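Examination of the molecular architecture
Take a look at the letters that make up each chain.
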Amino acid sequence: VSEDGYILSNGHVVIGSDPEDPTRPAESITVILNDERKLPAKVVGFCLDPDVALLKVEAGGPLHPVEFADSTRAQVGQACFAVGTPLGFKRTFTDGILSNVERTDLNTFTRVFQTDAAINPGNSGGALFDREWRVLGINTYGSDGANNLGFTIPIHVARVLKDHFLRQGRFVRADLPLFYMDELYDE
């Protein structure tokens, strides 16, 4: 996402192997660029809800960042293209449409996009592009038992997390204290 080596992915892609401590990223992460260079990556920050991670690589020169779409304007029926490495296959590309742009019933605080572009294990962290090759979101997971039902974190959400990770090293949620009362008395 930047010439100086920042890369957006998913939190579940970089999480460590200790189930007792899900706050620690993996000890070793390798990023493979489209020119087949393998670079060690450092996790700047990650979150599991929304499922976003920010990585940093030292590429030895400027990288070519992607262009972002305005994902707040995404529409049902809009064409989209998922890129990734599902099931170990390099450089796969699937097409489809956005079939929902406000899924909130998936045990997440974040509204996610639903697409029928095939998203399988290995697509996680890959981009979902629009027709103009701008990034609409970050592919996060597919639905088990349902053909071509995948979900994507909108890029406008991922960009907010990127800024949090750069400033604080973590996603800072706003706390809104609420309380309920059964009865209200004059005093």
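This text follows the structure it describes.
Read on for an overview of the structure. Residue positions are given per chain, counting from 1 as you read along its sequence in written order. The model is predicted, so local features are restricted to residues of pLDDT at least 70 and side-chain atom pairs to those at 80 or more, both for listing and for counting; the totals for chains, interfaces and linings are taken over all residues. Based on all heavy atoms of the structure, the side-chain values leave hydrogens and waters out of the count.

1. Let's talk about helix H2 (residues 155-168)
Just so we agree on the cut-off: Note on conventions: DSSP H or I runs of at least 4 residues are helices, E runs of at least 2 residues are strands, and numbering of each starts at the N terminus. Given a helix with a known number of residues, its expected span is that number minus one, times 1.5 Å. Accessibility here uses a 1.4 Å probe with only protein chains present; expressed as a share of the type maximum, an area under 20% marks a residue as buried, one over 50% as exposed, and anything in between as partly exposed. Working rule for contacts: check all heavy atoms of both residues, and any pair within 4.5 Å makes them a contact.
With 14 residues, H2 extends 20 Å from end C-alpha to end C-alpha; this agrees with the ideal 20 Å at 1.5 Å per step. Those residues of H2 not exposed but buried are Ile155, Val157, Ala158, Leu161, Lys162, His164 and Phe165. Considering only its buried residues, H2 is in contact with strand E1 (6-9), strand E3 (38-48), strand E4 (51-57), strand E5 (67-68), strand E10 (134-142) and strand E11 (150-154). Where H2 terminates, the next one or two residues include Gly169, which has phi positive at roughly 80°.

2. Observations regarding the sheet that holds E1
The test is simple: The pairing criterion is simple: DSSP has to find at least two bridges between the two strands. Where helices are involved, their axes are fitted lines through C-alpha atoms of the stretch in contact, as for all axes, and angles between N-to-C directions lie from 0 to 180°.
Spatially, E1-E4-E3-E2 is the arrangement adopted by the four strands of the open sheet, whose pairing is antiparallel. Two strands lie at the open edges of the sheet, namely E1 and strand E2 (29-32), each paired on one side alone. Averaged over neighbouring strand pairs, the angle between their axes works out to 40° when direction is ignored. Seen against the sheet, H2 touches E1, E3 and E4 and runs at an angle of roughly 55° to E4.

3. So, unusual backbone geometry
Across the junction of Asp49 and Pro50, the peptide omega takes the value 0°, indicating a cis bond. Looking at where Pro50 falls in the secondary structure, it is placed in the loop between E3 and E4. Phi angles above zero are rare outside glycine, and Glu36 is one such case at about 75°. Mapping Glu36 onto the fold places it in the loop between E2 and E3. Note on Glu36: relative accessible area 34%, which makes it partly exposed. Unlike most non-glycine residues, Trp133 shows phi in positive territory, near 65°.

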